[in-house]
Amino acid sequence: MNTIVLDNETFAWSVQHLLEQAANGGVKLLDSTGKTVAFCLPPSDKEAWIYAEANLDIDENIDEVRQALSRSGGITTAELLRRAAAAAKEAAEK
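Values in this document were obtained by computation on a predicted structure and should not be read as measured data.

Peer 1: Could you give me a rundown of the side chain of Thr10, with the residues and numbers involved?
Peer 2: As for its placement among the helices and strands, Thr10 is situated in the loop between strand E1 (2-5) and helix H1 (15-23). Look at Thr10 and you get buried, because its relative accessible area is 11%. Of note is the side chain of Thr10, whose polar atom sits 2.5 Å from the backbone oxygen of Val5. Beyond its immediate sequence surroundings of up to four residues, Thr10 is in contact with Ile4 and Val5.

Here's what the structure looks like:
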């Protein structure tokens, strides 16, 4: 997906240019602060729609995303699976 930041230069681009970009994987339009203002996607491009929906979800939950990224600690997937297997074994023995 192409990304276009709407600024003094891109603001004057033609609709035809935007539609050409959209036909080649879609376009994500950002304002000058980086906020998503629009997506222009071809109806048949499922991958572009999935990407756009993921971006919308991130944008709508940006504070939670930033909090999650800043957290440290936790356990590895391997450790989580080891604990789950131990808990399942313990439950089966009861």
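Peer 1: Mind laying out the sheet that holds strand E3 (residues 36-40), listing which residues take part and the relevant values?
Peer 2: Taken in spatial order, the three strands make up an open sheet running E1-E2-E3, and their pairing is mixed. Because the sheet does not close on itself, it has two edges, and the strands there are E1 and E3. Here the strands of the sheet are splayed against their neighbours by 20 degrees on average, with no regard to which way each runs. Bridge count between E1 and strand E2 (residues 27-30): four bridges; the pairing is parallel. Of the residues in E2, the one forming a bridge with Asn2 is Val27. Seen against the sheet, H1 touches E1, E2 and E3 and runs at an angle of roughly 130 degrees to E2.

Peer 1: I'd like a rundown of the environment of Glu64, residues and numbers included.
Peer 2: Topologically, Glu64 is positioned in helix H3 (residues 62-70). Placed ten residues apart in sequence, Glu64 and Gly74 show a C-alpha to C-alpha distance of 17 Å.

Peer 1: Explain helix H2 (residues 46-60) to me, and be specific about the residues and the numbers.
Peer 2: Relative to the 21 Å expected for 15 residues at 1.5 Å per residue, H2 spans 21 Å between its end C-alpha atoms, a close match to the ideal helical length. Among all positions of H2, only Ala48, Ala52 and Asn55 are buried. End-on, the buried residues of H2 take up no more than an arc of 65 degrees, which puts them together on one face. Turned more than 90 degrees from where H2 packs its buried face, Lys46, Glu47, Ile50, Glu53 and Glu60 sit exposed. In the core, the buried residues of H2 are packed alongside E2 and E3.

Peer 1: Explain the pairing of E2 to me, and be specific about the residues and the numbers.
Peer 2: Looking down a regular strand, the side chains alternate between one sheet face and the other. Alternating positions in E2 separate into two faces, Val27 and Leu29 on one and Lys28 and Leu30 on the other, with burial throughout. Bridging between E2 and E3 involves four bridges; their strand directions are antiparallel. The partner of Val27 across the bridge, within E3, is Cys40. Count of turn residues in the E2/E3 antiparallel hairpin: five residues, of which Gly34 carries a positive phi of about 95 degrees.

The rules we used
- Residues numbered from 1 in each chain as written.
- Predicted model: local features only at pLDDT ≥ 70, side-chain atom pairs only at ≥ 80, totals over all residues.
- Heavy atoms only, no water.
- Helix = DSSP H or I, 4+ residues; strand = E, 2+ residues; numbered from the N terminus.
- Buried < 20%, exposed > 50% of the residue type's maximum accessible area, 1.4 Å probe, protein only.
- Polar contact = N/O pair within 3.5 Å; in protein donor to acceptor, adjacent residues only side chain to side chain.
- Contact = heavy atoms within 4.5 Å.
- Pairing = 2+ DSSP bridges.
- Axes fitted to C-alpha atoms, helices over the stretch in contact; angles between N-to-C directions.
- Expected span 1.5 Å × (residues − 1).
- Arc of directions from axis to C-beta.

That's the geometry; what it means functionally is another story.
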